[in-house]
Amino acid sequence: RYPMKSFTLISGILITLLGVFFFANPTNLLAIVGWLFALVMLISGVSSLMVYFKRDNENRSFFQLLQSIISIVFGIILLSTSAWVLSGVAVTIIASAFTQGFQAHRQRQFGFSGQPALSIALICLVFGLLLFSAPFFSAFLIGRLVASLIIFTGVSVLSFSFRLW
């Protein structure tokens, strides 16, 4: 029981200190998050491409193929360059918004409700345009928000640790 107490205390302190560091330096956090986003984008694109090729020809969508290729290309670009991470993320989100909009249009052509896909497309478009128009301000806000969440997590772990004592 004693190792659990000390582990939660030490991890709570370290998480809180990490959050404070990232709050003071939001660009470092953005670089890490951007790299992780690029890696997830690349993996998502590859897995979506594999799903596309596993489907029979009747169930394949050109827009799914297009979105997979865009994700793979931007994932590779973002992994190779860190200077334009936020602009690259914004362009990817805008491209994804357009492909979602086209998918919503196709769903409506076949008699399905394309409202959820259209709503997601509009949200992605607005968010992408905001990121693209003000990347440094967005980076600052995103960095501070995530750092605040890390601090909150550290304080939560610390409070749990104090309850164990």
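Scroll up a little and you will see the structure.
Residues numbered from 1 in each chain as written. Predicted model: local features only at pLDDT ≥ 70, side-chain atom pairs only at ≥ 80, totals over all residues. Heavy atoms only, no water.

Caption draft 1: Geometry of the overall build of the protein chain. Scanning the protein chain from N- to C-terminus turns up 6 helices and 0 strands. Along its sequence from the N terminus, the protein chain presents helices and strands in the succession α-α-α-α-α-α. Computed over C-alpha atoms, the radius of gyration of the protein chain comes to 20 Å, more than 25% over the 15 Å expected from 2.2 N^0.38 for 165 residues, which places it beyond the range of a compact globule. C-alpha atoms of the protein chain, sized along the principal axes, occupy 60 × 35 × 30 Å. (Helix = DSSP H or I, 4+ residues; strand = E, 2+ residues; numbered from the N terminus. Rg over C-alpha atoms; globule rule 2.2 N^0.38 Å.)

Caption draft 2: Region of the structure containing helix α2 (residues 26–54). The end-to-end C-alpha distance of α2, which contains 29 residues, comes to 41 Å, matching closely the 42 Å that a straight helix rising 1.5 Å per residue would cover. Within the span of α2, buried status applies to Pro26, Leu29, Leu30, Gly34, Ala38, Met41, Gly45 and Tyr52. (Expected span 1.5 Å × (residues − 1). Buried < 20%, exposed > 50% of the residue type's maximum accessible area, 1.4 Å probe, protein only.)

Caption draft 3: The environment of Ala38, seen in detail. Within the secondary structure layout, Ala38 lies in helix α2. The spacing of Ala38 and Gly75 is 37 residues in sequence and 4.6 Å in space, taken between C-alpha atoms.

Caption draft 4: Inspection of the packing of aromatic side chains at higher detail. In total, this model carries 4 aromatic pairs according to the counting rule given. Residues Tyr52 and Phe53 carry aromatic rings whose centres are separated by 5.2 Å and whose planes lie at 75° to one another, so their mutual orientation is edge-to-face. When the centroid spacing of 5.3 Å and the interplanar angle of 20° are considered together, the rings of Phe63 and Phe102 count as stacked. Here the residue Phe63 occupies a position in helix α3 (residues 62–80), and Phe102 occupies one in helix α4 (residues 85–109), the gap between them amounting to 39 residues. Its relative accessible area of 17% is what places Phe63 among the buried residues. Classification of Phe102 as partly exposed rests on a relative accessible area of 42%. (Phe/Tyr/Trp six-rings, centres within 6.5 Å; stacked < 30°, edge-to-face > 60°.)

Caption draft 5: Inspection of the nonpolar core at higher detail. In terms of nonpolar packing, the biggest core is built from 8 residues, these being Ala38, Met41, Phe74, Leu78, Val89, Ala90, Ile93 and Leu131. Looking at this core, the elements with two or more residues in it are α2, α3 and α4. If you tally residues by element for this core, the top one is α4, at 3 residues. Setting aside its immediate chain neighbours within four residues, Ala90 contacts Gly128, Leu131 and Phe132. (Core = buried A, V, L, I, M, F, W, Y, C linked by side-chain atoms within 4.5 Å. Contact = heavy atoms within 4.5 Å.)

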